[in-house]
Amino acid sequence: MTEQQGIIYQGFPSKEELLKIPGVPSKERIKKGPVACIECVQEIPCNPCEEACPYGAISVGKPITNLPVLDEEKCIGCGTCIAACPGLAIFVVSVSGEKAEVSFPFEYYPLPNKGDEVWCVDRAGKQVTRGKVLRIIKSPKYDATAVITVEIPAEYLDNVRSIKRLERGNK
Amino acid sequence: MVRYFKLMPKMLFETRIGGRKLRVIHHPILGDETRQFNAKITVDGKEIPAIEGEPIAAALLAAGIKKFRETQKYHKPRGIFCAIGRCTDCVMTVDGVPNVRTCVTPVRDGMIINTQKGLGKWGDQQS
Amino acid sequence: MKRADIAVIGAGPAGLSCAVEAAKAGAKVVVLDENLKPGGQLFKQIHKFFGSREHRAGTRGFRIGQQLLEETEKLGVEVVLDAAVYGIYEDRLIAYITNGKDHTLKAEKIVLATGASENALAFPGCTLPGVMGAGAAQTMINVNRVLPGEKILMVGSGNVGLIVSYQLMQAGADVVALIEAAPKIGGYGVHASKIRRAGVPIHVSTTIKEIIGEEKVEEVVTIELDRNWQQIPGTEKNFEADTVCLAVGLSPLTELAWMAGCEFVYIPPLGGQVPIHDRNMETTLEGVYVAGDITGVEEASSAMEEGRLAGVACAESLGYYDKIKALELKNEIWNRLDALRTGPFGEGRFQAKLKQVNARGQLV
C-alpha cells in the first residue's frame, strides 16, 4: 500500500505543502545569510512567533489561526523564534558555497557538545548526513529549549531538520 | 581486571541511585532528580529502595516490577492501568491490608507489600 | 458543618482558575480534590502551550499550574486535598471523605470540575501488565520520574498520544511506533513532526491484533484496517515492546452531575454524555455549575477559561460583581474561548459546545 504524502498522513509536511506556505524563505534569501524557516502548515490558534520576533519579521494577525508570514527582508536569522514556537516548527537556515547551516530546537537529554560530529536527520527521522555541531544555545528565555546549529553539506539544506537523539549513558 | 574497574563506578552509581535505569535522573525539562532515596520497602520478601512519599506503584515500576496482583478466578497477572486511582487494577496487599491502590498510596519506610492473590485477605503478611 | 460561598470540586486547571476568579471578587471559596497533590493534569504537561499571550502561550503547562497555585494561596482559597467527594445532596450539601473520615460542606454554589478519564481498548492481551493509559505513563514520567518501561508502542494519534510519545522520549524511553486506527493523524501536525524527526514511525489505518507475553507485554502484533474498519489478514507487523500505551480518547467524569440531577445531552465529539450548561456554565440545576473536561473533552487552555467563566458567574450570582462588571469579564473570557475554538481543529468543538448550550432550550 503506497503511503499518502502530507502532514496528516505522514506526520511531517510534504515538499508540496512547504511550497504553499508563507513562512518559508526564498532560495535567493537563504544564500544571503541566516533566515528563519517557519514550517507551520496547519491553522491552529497560536501566535508566540509573532510576539517573539524582535524585528517584526513574522506576522500572524487575527484570527490567530492564520499561518505565520515571514518577511525575509526584515529577518536577520537571529533565531529567537526557534525556541518561542510551542510546536518546535521553526528553523534558521543559511548556505555558503559547499556548506550549509541549520539551527533547530532540541529538548532531549543529553545535549551534544560543541564541535561534536553527529548524525543529522530529515523530517522523517532518517539519518541523511554527518554534521558538525557549531553552537548550542541555552537561555533562560528559551525555557529549557536548546537551540543547536549544525554544519552540513549544502545539498542537504532542504532536508536536515534535527539530529539523532544521543545515548543517555550514565552522564 | 581493567574491565572490572571500569564497571565498578557504573555499578556503584546504579546501586546508589536505586539500582535501575528506569529512574529519570536527568530530564531535559524537569531538571535533575533532587529527592533522596530514603526509604526501603519490602515487596514479596525482597527489599527495594524507594523515596518516602512517592506512590508505591512508582517504586515498584522503578524496580522493574510490573505484575502487582493476580485475578481471582484465572490467576491472570495485572499491573497499573490508569495510575490516578480510578481503575483499581494496581491494588496490592500493603501492611496486611488488601485492595490498596498502589498508584495513589504513598510509600512509608518499612512498608511490607505483597502481590495480591485474588481478592486478598486481611492480615496477609505473606501471600 | 463546614460552609462556603462556593465549593469547587476538582483542583485541576478548571477548578483552580474558577477559585482564583471567584476569590478575586471576594467570595469564600473551598476547593476539594481527591488527590494528594493539586493541579490535576496540568502538572503533567511539560510542553509549551499554544494560543496567544492571553492564553499564556509559550509557557509550559506545569509552570502555569504553579502560577495558579500561588494565586490561590495569595487569595486565601482553601484547598482540601485527599478529599473524595462521594455525594451531592439536597440544598447543595456535599459529602466527602478525608483520611477515612466523613465530612460535609454546605455551599451556596457548587462548581463541578472533575475532568475526564482515559478510555480503554479491548484486544487479546489487553490486560497484561505493561498495557496502560497514555496518561498513566505521563503521570509516571512527569510526576514520579519513573519510566513504566523502555520500549513503548503508542496507540492513538490524537494530541495525547503524540505528546506523551514525545515526553516518553524526553524521559529516556524508546517509542518503537505510534499506531492510529483512522486513515489520518488526529492531533496537531507539529506534535507528529517532533516524533517523526526522532525516528518514531507513525502507522495509520493500523490497530492492535494481539499482545504476546506470559506475565507482561513482550511483543505487539499490529494489523491494518480497511475502509470499513475491518482487519486486513496478511498485513500483520510485529513489534518488540515492553509497554503499550493507549491514547484512545477521554470520557468526562460526570458521576456527581448525574447524581445531583443535572440534565445531559449526547454529543460524541465532546466525549459522549455531557451535562447541559448555559453561557454562565450553569447546569439545569440551579446553583450547580460545570467547567473543564467534565463539560466535554477539550484542552487545558479551554478548561482554564471555562473555570474563570464559572468563577465570575458564581461571584455575580452571589452579588460580588454587579451585572455590568460581570458581563465585561464574561465577554472577555468568551472571546478567548472562541479564539481557541477556531480553525480545522477547533471548529468542530465550537459547533459541539454550541449544541450543548442550545440543548437547554430543547428540554421539555
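Residues numbered from 1 in each chain as written. Chains lettered and ligands numbered in written order. Predicted model: local features only at pLDDT ≥ 70, side-chain atom pairs only at ≥ 80, totals over all residues.

Details of the overall build of chain B
For chain B, the count of helices and strands is 2 helices and 10 strands. Classification of the 127 residues of chain B by burial places 37% in the buried group. Within chain B, residue pairs in contact and separated by at least 24 positions form 45% of the contacts whose partners lie at least 6 positions apart. (Helix = DSSP H or I, 4+ residues; strand = E, 2+ residues; numbered from the N terminus. Buried ≥ 20, exposed ≤ 12 C-beta atoms within 10 Å, placed from the backbone. Contact = placed C-beta atoms within 7 Å.)

Section: the interface of chain C and chain B
For an interface, size is often stated in terms of accessible area lost upon the parts coming together. Taken together, the contact pairs 25 residues of chain C with 27 residues of chain B. Taken together, the elements giving at least two residues each to the side of chain C that touches chain B come down to β7 (116-118), β8 (131-133) and α3 (134-142) of chain C. Ranked by residue count, the leading element in the side of chain C that touches chain B is α3(C), at 5 residues. Partitioned by chemical class, the residues of the side of chain C that touches chain B number 12 nonpolar, 9 polar and 4 charged. (Nonpolar A, V, L, I, M, F, W, Y, C, P; charged D, E, K, R; others polar.)

Observations regarding the packing of helix α4 (residues 159-170) of chain C against helix α5 (residues 189-197) of chain C
Residues and elements named next belong to chain C. For the pair α4 and α5, the least separation of the axes is 9 Å and the interaxial angle reads 35°. In terms of crossing hand, the pair formed by α4 and α5 is left-handed. Counting all contacts with α4, which are made through Asn159, Leu162, Ile163, Ser165 and Tyr166, the residues of α5 involved are His191, Ala192, Lys194 and Ile195. (Axes fitted to C-alpha atoms, helices over the stretch in contact; angles between N-to-C directions. Left-handed = near helix turned anticlockwise from the far one by under 90°.)

What to know about helix α2 (residues 61-74) of chain C
Residue and element names in this part refer to chain C. If you check α2, its first and last C-alpha atoms are 20 Å apart, about what 14 residues at 1.5 Å a residue would give, namely 20 Å. Regarding α2, the residues found buried are Gly61, Ile64, Gly65, Leu68, Leu69 and Thr72. The buried side chains of α2 occupy one side of the element, clustering within an arc of 140° when seen end-on. Exposed residues on α2 whose side chains face more than 90 degrees from its buried face are Glu70, Glu73 and Lys74. On its buried side, α2 packs onto α1 (13-25), β3 (78-80) and α7 (300-317). Just beyond α2, the residue with positive phi is Gly76, at close to 75°. (Expected span 1.5 Å × (residues − 1). Arc of directions from axis to C-beta.)

So, unusual backbone geometry
Backbone torsion omega between A:Lys62 and A:Pro63 reads -5°, so that peptide bond is classified as cis. Among the secondary structure elements, A:Pro63 is positioned in the loop between β2 (58-59) and β3 (69-70). Omega for the bond connecting A:Tyr109 with A:Pro110 falls within 30 degrees of zero, at 0°, which places this linkage in the cis form. With respect to the helices and strands, the residue A:Pro110 is situated in the loop between β5 (99-106) and β6 (117-121). One non-glycine residue, C:Met281, lies in the positive phi region at around 70°. Residue placement: C:Met281 occurs in the loop between β18 (272-275) and β19 (288-290).

Observations regarding the confidence of the model for chain C
Per-residue confidence for chain C averages 96 on the pLDDT scale, and 99% of its residues sit at or above 70. As a predicted assembly, this complex carries a pTM of 0.94 together with an ipTM value of 0.96. (pLDDT = per-residue confidence, 0-100.)

Regarding the sheet that holds strand β4 (residues 46-50) of chain B
Residue and element names in this part refer to chain B. Strand order in the open sheet formed by 5 strands is β4-β3-β9-β7-β8, and the pairing between neighbours is mixed. With partners counted over all chains shown, the strands left at the sheet margins are β4 and β8 (97-101), one partner each. Taking each pair of neighbouring strands and ignoring which way they run, the sheet shows an average axis angle of 40°. (Pairing = 2+ DSSP bridges.)

What about the sheet that holds strand β5 (residues 69-70) of chain B?
With mixed pairing, 3 strands are arranged side by side in an open sheet as β6-β5-β10 (chain B). Among the strands making up the open sheet, the edge pair consists of β6 (77-78) and β10 (116-117) of chain B.

Quick word on the environment of B:Pro106
Examined against the element boundaries, B:Pro106 turns out to sit in the loop between β8 and β9 (112-114). Residues B:Pro106 and B:Asn38, 68 residues apart in the sequence, show an inter-C-alpha distance of 13 Å. The contacts of B:Pro106, once residues within four sequence positions are left out, are B:Gly53, B:Glu54, B:Pro55 and C:Leu36.

What about the interface of chain C and chain A?
With 35 residues of chain C at the interface, the matching set in chain A holds 33 residues. When residues of the side of chain C that touches chain A are traced back to their parent elements, those giving at least two are α4, α5, α8 (323-340) and α9 (343-358) of chain C. Sort the elements by how many residues they give to the side of chain C that touches chain A and α5(C) lands first, with 7 residues. Class assignment for the residues of the side of chain C that touches chain A results in 16 nonpolar, 12 polar and 7 charged.

Some remarks on the pairing of β8(B)
Of the pairings in the sheet, the one linking strand β7 (residues 91-94) of chain B to β8(B) comprises 3 bridges and is antiparallel in character. Bridge pairing links B:Val91 to B:Arg101 in β8(B).

Quick notes on the domain arrangement of chain C
Residues and elements named next belong to chain C. As far as domains go, chain C holds domain 1 (2-117 + 250-362) and domain 2 (120-246). Relative placement of domain 1 and domain 2: their C-alpha centres are 31 Å apart. Taken together, the contacts link 5 residues of domain 1 with 7 residues of domain 2. Residue classes in the side of domain 1 that touches domain 2 are distributed as 3 nonpolar, 1 polar and 1 charged. (Domains from an automatic or database assignment.)

Re the nonpolar core
All names here are of chain C. In this structure, Ala7, Val29, Val111, Cys245 and Ala291 are the most contacted members of the largest nonpolar core, which totals 191 residues. Broken down by element, this core gets its largest block of residues, 9 residues, from α7. Excluding anything up to four places from it in sequence, Ala291 contacts Ala14, Cys18, Val111, Ala113, Met281, Ala303, Glu306, Gly307, Leu309 and Ala310. (Core = buried A, V, L, I, M, F, W, Y, C linked by C-beta atoms within 7 Å.)

Considerations on α8(C)
Residue and element names in this part refer to chain C. Taking 1.5 Å of rise per residue, 18 residues should cover 26 Å, and α8 covers 26 Å from first to last C-alpha, within 8% of that figure. Residues of α8 that are buried include every one of Leu329, Ile333, Arg336, Leu337, Ala339 and Leu340, and no others. Along α8, the residues classed as buried sweep out an arc of 165° about the axis, all on the same side. Exposed and facing more than 90 degrees away from the buried side of α8 are Lys323, Ile324, Glu328, Asn331 and Asn335. Check the buried side of α8 and you find it contacts α7 and α9.

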